Amino acid sequence: AKSLSVLVITFSTFVLVVPFCVLDFSTFLDWLAYDITVSNNQNSVFAGTPGFSQFMFYLGYLLEDFGIVLSFLALCGMIAAFFQNWKKGIVLLSFPLLLLLYLQSYAYHFPRHILSLFGFFAIFAAIGAISLFEFITRVLLSISRSRWPHKTVQTAAFLLMSVIVF
C-alpha cells in the first residue's frame, strides 16, 4: 500500500509539473523517443567527451547567450560577492559551480540543462554593475578631492560606466 501511494504521488506530481504529457501524449512520446535516440547516438550534435570540454561548452553557451558585457559584469559580480561577504558569496556561487562540475561528467551536453543558471548569472551581473559603479565613484571622488559635488561625481561615474559597458 505504501509503495502504491508513492507511485501515485510520483505520477501525479509528474503530470502536475509536465501537463504536456497528458494534453498532447503522442508529441510527448515523440520527444521522449527523440531524447532517447540522441542520448544513444555517438554521432549526435550533442555528443562530447566528459571532462573539461563539457565545462567549456556550457561556459561558452552562457557567454554566447549573455554576451561579453553581461559576462564581464557577472564575473565582476562574482569577485565582488566574495569581497563584500565571502560567506554569502560562497553560498550564492555554490549551486552554479556544482551544477557545472556535475554536468561536465556527462558525455552529452544539452543547453537546457543550464537554464537554471541564467537567474544566477543575471544576479551576478547586477552585483557586478553596482560594484563597478561604486568603484568608479570612489576612484573619481579620490581624484576630485572634494572639489566636485557628490552628485556630479556619481553622474560622471554613471557616464563612464556606460562608456565602459557599451
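A quick note: this is a predicted structure, and the numbers were derived from the prediction, not measured. (Residues numbered from 1 in each chain as written. Predicted model: local features only at pLDDT ≥ 70, side-chain atom pairs only at ≥ 80, totals over all residues. Heavy atoms only, no water.)

Caption draft 1: Geometry of the overall build of the protein. A tally of regular secondary structure across the protein gives 7 helices and 0 strands. Put simply, the protein runs from its N terminus to its C terminus through helices and strands in the order α-α-α-α-α-α-α. Whereas a compact globule of 166 residues would reach a radius of gyration of roughly 15 Å, the protein reaches 23 Å, over 25% beyond that. Its C-alpha atoms give the protein principal-axis dimensions of roughly 75 × 40 × 30 Å. Residue burial in the protein is summarised as follows: out of 166 residues, 27% are buried. Within the protein, counting contacts between residues at least 6 apart in sequence, those at least 24 apart form 69% of the total. About 11500 Å² of surface is accessible on the protein, with carbon and sulfur atoms providing 74% of the total. Charge centroids of the protein, computed over 8 positive and 6 negative side chains, lie 29 Å from each other. (Helix = DSSP H or I, 4+ residues; strand = E, 2+ residues; numbered from the N terminus. Rg over C-alpha atoms; globule rule 2.2 N^0.38 Å. Buried < 20%, exposed > 50% of the residue type's maximum accessible area, 1.4 Å probe, protein only. Contact = heavy atoms within 4.5 Å. Areas by Shrake-Rupley, 256 points an atom, 1.4 Å probe, with all protein chains shown as cover. Lys, Arg positive; Asp, Glu negative; His and termini not counted. Charge placed at Lys NZ, Arg CZ, Asp CG, Glu CD.)

Caption draft 2: Examining the packing of helix α4 (residues 52-84) against helix α6 (residues 117-144) more closely. Between α4 and α6, whose axes approach to 6 Å, the crossing angle comes to 60°. By the angle class used here, α4 and α6 are oblique. The interaxial crossing formed by α4 with α6 has left-handed handedness. Here the contact of α4 with α6 is built from residues that sort into 19 nonpolar, 5 polar and 1 charged. (Axes fitted to C-alpha atoms, helices over the stretch in contact; angles between N-to-C directions. Parallel < 35°, antiparallel > 145°, perpendicular 65-115°, else oblique. Left-handed = near helix turned anticlockwise from the far one by under 90°. Nonpolar A, V, L, I, M, F, W, Y, C, P; charged D, E, K, R; others polar.)

Caption draft 3: Spotlight on the packing of α4 against helix α5 (residues 86-103). One way to put it is that α4 packs onto α5 with a least axis distance of 11 Å and a crossing angle of 165°. With respect to α5, the axis of α4 lies roughly antiparallel. Between α4 and α5 lies a crossing whose hand is left-handed. Along its contact with α4, which presents Gln54, Phe55, Tyr58, Leu59, Met78, Ala81, Phe82 and Gln84, the element α5 presents Trp86, Gly89, Ile90, Leu93, Leu100 and Leu103. Of the residues contributing to the contact of α4 with α5, the split by class is 11 nonpolar, 3 polar and no charged.

Caption draft 4: Structural detail: the packing of aromatic side chains. In total, this model carries 12 aromatic pairs according to the counting rule given. Between the aromatic rings of phenylalanine 52 and phenylalanine 55, the centroid separation amounts to 6.1 Å while the plane-to-plane angle is 25°, which identifies the pairing as stacked. Of the two residues, phenylalanine 52 and phenylalanine 55 both sit in helix α4, 3 residues apart, roughly one turn of that helix. Residue phenylalanine 55 is classed as buried on the basis of its relative accessible area, which comes to 15%. Through successive ring pairs, a cluster of aromatic residues spans Phe57, Tyr58, Tyr61, Phe66, Phe118 and Phe121. (Phe/Tyr/Trp six-rings, centres within 6.5 Å; stacked < 30°, edge-to-face > 60°.)

Remember that the coordinates give geometry; whether it matters functionally is a separate question.
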